[in-house]
Amino acid sequence: MSWESWVVETISRALAFGTPLLLATVGEIYAERSGVLNLGVEGMMLMGALTGFAVSMGSGNPWVGILIAGLVGGAFSLIHAFATITLRANQVVSGLALTMLGTGLSGVIGRAYEGFPLWSKLGRIDVPVLSKIPVLGPAVFENQSPMTYIAIGIAIIGWLVLFKTRIGISIRAVGEDPATADSLGISVPRVRYLCVMIGGVLAGVAGAYWSVAYRTAWSGGMTAGLGWIVIALTIFAFWNPLYGLVGAFFFAAMRVLSFRLQNWLPPELLKAMPYLLAILVLIVVSRGTLQKRMGAPSALALPYTRGED
Amino acid sequence: MRGIVKRFPGVLANDGVDLLVRRGEIHCLLGENGAGKTTLMRILYGLYQPDAGEIRLRGETIRVASPKAALSHRIGMVHQHFHLVSTLSVEENIVLGLSEGTGPFLRFRRTRAKIHRLAEEYGLEVDPTAKVWQLSVGQQQRVEILKALYRDADVLIMDEPTSVLTPQEVEALFGTLRTLVEDGLTVIFITHKLDEVMEASHRVTVLRKGKAVATVNTAETSKEELARLMVGREVVFRVEKDAAELGGKVLSVQDLHANNDRGLSALQGVTFDLCSGEILGVAGVSGNGQHELSEVLTGLRRATRGSAILEKKDLTNCSAREIADLGVAHVPTERIRVGTVPTMSIRENLILKSYRTPDFCKWSILNEKAAYENACQAMTEYEISAPHDGTAAKNLSGGNIQRLVLARELCGCPGLVVAAHPTYGLDVGATEQVRKVLLEQRARGAGILLISEDLDEILQLSDRILVIYEGRIMGIVDAQDAVLEELGLMMAGTGQQEVSA
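Here's a quick rundown of the structure. (Residues numbered from 1 in each chain as written. Chains lettered and ligands numbered in written order. Predicted model: local features only at pLDDT ≥ 70, side-chain atom pairs only at ≥ 80, totals over all residues.)

## Re the overall build of chain B
Here is step 1: Counting its secondary structure elements, chain B contains 17 helices and 22 strands.
Here is step 2: Against the compact-globule benchmark of 23 Å for 501 residues, chain B has a radius of gyration of 25 Å, which places it among compact chains.
Here is step 3: With respect to the principal axes defined by its C-alpha atoms, chain B has extents near 70 × 50 × 50 Å.
Here is step 4: Counting over 501 residues, chain B shows a buried share of 45%. (Helix = DSSP H or I, 4+ residues; strand = E, 2+ residues; numbered from the N terminus. Rg over C-alpha atoms; globule rule 2.2 N^0.38 Å. Buried ≥ 20, exposed ≤ 12 C-beta atoms within 10 Å, placed from the backbone.)

## Side note on the overall build of chain A
Here is step 1: A count of helical and extended segments in chain A gives 13 helices and zero strands.
Here is step 2: Taken from N to C terminus, the helices and strands of chain A fall in the order α-α-α-α-α-α-α-α-α-α-α-α-α.
Here is step 3: The C-alpha atoms of chain A give a radius of gyration of 19 Å, which matches the 19 Å a tight globule of 309 residues would have.
Here is step 4: Expressed along its principal axes, the backbone C-alpha trace of chain A runs to roughly 65 × 45 × 40 Å.
Here is step 5: Counting over 309 residues, chain A shows a buried share of 50%.
Here is step 6: Once local pairs closer than 6 in sequence are excluded, the contacts in chain A between residues at least 24 apart make up 79%. (Contact = placed C-beta atoms within 7 Å.)

## Section: the sheet that holds strand 13 (residues 279-283) of chain B
Residue and element names in this part refer to chain B.
Here is step 1: The strand order across the open sheet built from six strands is 16-19-20-13-21-22, with neighbouring strands paired in mixed fashion. Across the chains shown, the open sheet's two edge strands, defined by having one partner strand only, are strand 16 (328-331) and strand 22 (472-478). Within this sheet the neighbouring strands show an average axis-to-axis angle of 15°, counted without direction.
Here is step 2: Summarising the sheet, strand 13 and strand 20 (residues 447-451) pair through four bridges and their orientation is parallel. (Pairing = 2+ DSSP bridges. Axes fitted to C-alpha atoms, helices over the stretch in contact; angles between N-to-C directions.)

## Thoughts on the environment of B:Gly46
Residues and elements named next belong to chain B.
Here is step 1: Relative to the elements of secondary structure, Gly46 occurs in the loop between helix 1 (37-44) and strand 4 (52-57).
Here is step 2: Its 24 C-beta neighbours within 10 Å are what place Gly46 among the buried residues.
Here is step 3: Sequence separation between Gly46 and Ser66 is 20 residues, and the spatial gap between their C-alpha atoms is 4.2 Å.
Here is step 4: Beyond its immediate chain neighbours, meaning those up to four positions away, Gly46 contacts Val64, Ala65, Ser66, Pro67, Ala69 and Ala70.

## Focus: unusual backbone geometry
Residues and elements named next belong to chain B.
Here is step 1: Its identity as a non-glycine residue notwithstanding, Asp152 has a phi of 60°, on the positive side.
Here is step 2: Here Asp152 is to be found in the loop between helix 5 (137-150) and strand 7 (155-159).
Here is step 3: Backbone geometry places Glu383, a non-glycine residue, at a positive phi of 55°.
Here is step 4: Summarising the element assignment, Glu383 is placed in the loop between helix 12 (368-381) and helix 13 (398-410).

## Thoughts on the packing of helix 3 (residues 62-86) of chain A against helix 4 (residues 91-109) of chain A
All names here are of chain A.
Here is step 1: The contact between helix 3 and helix 4 brings their axes to 10 Å, and the two run at 155°. In terms of orientation, helix 3 and helix 4 fall into the roughly antiparallel class. Relative to helix 4, helix 3 is oriented so that their crossing is right-handed. Contacts from Phe76, Ile79, His80, Ala83 and Thr84 in helix 3 reach Gln91, Ser94, Gly95, Leu98 and Gly102 in helix 4.
Here is step 2: In terms of residue class, the contact of helix 3 with helix 4 is built from four nonpolar, six polar and no charged. (Parallel < 35°, antiparallel > 145°, perpendicular 65-115°, else oblique. Left-handed = near helix turned anticlockwise from the far one by under 90°. Nonpolar A, V, L, I, M, F, W, Y, C, P; charged D, E, K, R; others polar.)

## Description of the sheet that holds strand 14 (residues 303-310) of chain B
Residues and elements named next belong to chain B.
Here is step 1: Spatially, 12-11-14-15 is the arrangement adopted by the four strands of the open sheet, whose pairing is antiparallel. In this open sheet, the two strands that pair with only one neighbour each are strand 12 (265-275) and strand 15 (313-314).
Here is step 2: With six bridges connecting them, strand 11 (residues 249-259) and strand 14 associate as antiparallel partners. Among the inter-strand pairings, Leu251 is bridged to a residue of strand 14, identified as Leu310.
Here is step 3: Contacts from helix 9 (residues 290-297) reach strand 11, strand 12 and strand 14, with the element oriented near 60° to strand 12.

## What to know about the interface of chain A and chain B
Here is step 1: Taken together, the contact between chain A and chain B spans 21 residues of the former and 21 residues of the latter.
Here is step 2: Only helix 7 (166-176), helix 8 (178-183) and helix 13 (288-294) of chain A provide two or more residues apiece to the side of chain A that touches chain B.
Here is step 3: Ranked by the residues each element gives to the side of chain A that touches chain B, the list is headed by helix 7 of chain A, at seven residues.
Here is step 4: Its residues assigned to classes, the side of chain A that touches chain B shows seven nonpolar, seven polar and seven charged.

## Comments concerning helix 7 of chain A
Here is step 1: Most of helix 7 of chain A is tucked away: ten of the eleven residues are buried.
Here is step 2: For helix 7 of chain A, the complete set of buried residues consists of A:Arg166, A:Gly168, A:Ile169, A:Ser170, A:Ile171, A:Arg172, A:Ala173, A:Val174, A:Gly175 and A:Glu176.
Here is step 3: Turning to helix 7 of chain A, the residues buried within the fold contact helix 1 (3-33), helix 6 (146-164), helix 8 and helix 9 (188-214) of chain A together with helix 3 (90-95) of chain B.

## Thoughts on the environment of B:Leu96
Here is step 1: With respect to the secondary-structure elements, B:Leu96 resides in the loop between helix 3 and helix 4 (108-122).
Here is step 2: Along the sequence, B:Leu96 and B:Val85 sit eleven residues apart, while their C-alpha atoms lie 9.4 Å from each other.
Here is step 3: Excluding residues within four positions of it along the chain, B:Leu96 makes contact with A:Ile169, A:Ser170, A:Ala173, A:Leu184 and B:Val85.

## A short note on the pairing of strand 13 of chain B
Taken residue by residue, a regular strand's side chains alternate between the two faces of the sheet.
All names here are of chain B.
Here is step 1: Burial of strand 13 is extensive: five of the five residues sit out of reach of the surface.
Here is step 2: Every second residue of strand 13 is oriented toward a common face, with Ile279, Gly281 and Ala283 on one face and Leu280 and Val282 on the other, all of them buried.
Here is step 3: Where strand 13 lies against strand 21 (residues 464-469), four bridges are found, and the strand directions are parallel. Bridge assignment links Gly281 to a residue of strand 21, and that residue is Ile465.

Written as structure tokens, this is what we have:
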């Protein structure tokens, strides 16, 4: 294999692998920006993966599968939202429970679907004109899933909404200082429910991409830790969808390289990179003014009740 | 507001309060901590719902269900602890929660023009693009006022706005408030400082124990009358205290430097001596290094340079336990979080410093009986009122928690007492007791470092007063010769020589 085609193929695969990471990370960024840590990403993705697979198979249309998977992911995230926002449960415990529930539930229900190939899978496309560019064309614009471009679009829109619009300021205010937001008439529960659901919908879509476009099959626990990379990525992205865009494909490239370089490097090293980098980021932004500028939302993982300040 | 009643579990915070505020006046709400001033205003601002009573605004009875409803009635409030999102910019904070204009995107050009106009009119200059965490406390307060004005507030509630400001910033604030009422706005001003009432207000309503005891015209009253109304009895403005019997040097601090939590220099060469039998008051606006000073002296923060010598022993950068064992008592600012373990019982909290000693512990096993007896004795001696010694510290009132802290810290006759804001937020009874206890320690021969923002307290208790500003000592004066205005200037950063010149 020539050097050039090796690079092209690595980039192309990183884009494919990074797509679900990006989708779910943008969702998790929204949840965390509003102050809700949701460790249930893995569970929501599995629910989405199973739903996407089953609905695509039944309806014969992968887009319907992805859409319904998003709705199921959103509905599934409501369990976490209800537990942590309304009942003020510990977000870590509830999120872990959501992951276990999603893994178990999708495993049991999904047993009937294991081992079937998916005929109505989501195909790949070549972007007209752009795919003719040398090197860049085949690497980025040829034989890619349309979901990859949709994910990039969602990340950019996600950034615009979070930093340039009224609703974005409200979300950040709720995650930073809910008492202040409340005193200005912003409904803290409503914003948090909305953001957790955005997280659930995008995780569901990410899961469906995995079973309908990437693997085109279903097996129990098939996301195999993608949801945890998303949690690390959210931190690595400084809770900013644009950095998430860079980070998702960077982490995906690490994962792809861990396979492709395994003769020279232990694959575990590159697979551990997302978590090591996330820890590094946490160390860097935990001090001084950096914490204010790019650190975690101050009210992250803290339940809010009116009148307790 | 008429006949307002608000109950909290175990407390009647407002007991049929009547408050009449006229358009275009600065109306002070005066009362001690816990008199119900803030509760009353939170009801007006929709943060609490009253259990009884009615609110009439511009002749109409209104129901204020939420702060949003209050804003729609053009009532704005500036809280004692600011409600600003520190990571957002000034203009983002100002438009937060508003739905003006069209579309989801923010139009900052128009916003800025309006902010600019308001700022110019009322002397509230501040950079609209700056992030709030970069601003000083005084500037943040301006943002809060701008925020209310931007929402077309017509009635502005200010909850103890001066507690965090220097005397000069207070002057500027009063100037702003006067311009506001000239333009027909109404200002309700919560305070417990008599001087501010006399200086700034047109009329004043005095609250005591949840009841409005009087409303008077400021011009027709005096500080003494207001104080009597506020406390319910004649107030002696001086505490009885014997002349100081100075002993040897207890603490000698030389060129002490330390950083604050953000790694910035907080103490910049602090030098002073403290004798036994003396109370040295540390005056200053909060955030000028007092907190760091108390932490360095008690081993909770590292000094970057300089030394602190206790009698003959160097305690610079010793651990908190070593320093405590040398006989240093610490009454911390945050008495609940730092002074006690809230979920542990009174009995356990009382032996937090001495549980390792043979008195309470043998072969690593606690002597529960000794701990119980110790608790009973301390509860009687310091009048800690609680159902029994097993009550969790968090269920005690502020006064009782402070008594608990004092009981623990002062047993064993410490040579040095570092007391930070020992009466902050306490009721009159507890305040008097705390001051009495400190004076007893002084008579016994302890050296006491008294850090407080309450200038009256410092003037009453101290033998000498040290004024700190931005981590430097602006001067040390004898309490007898101290003049309030000079202390104020020193607190704002003017050197002692310039002040007395």
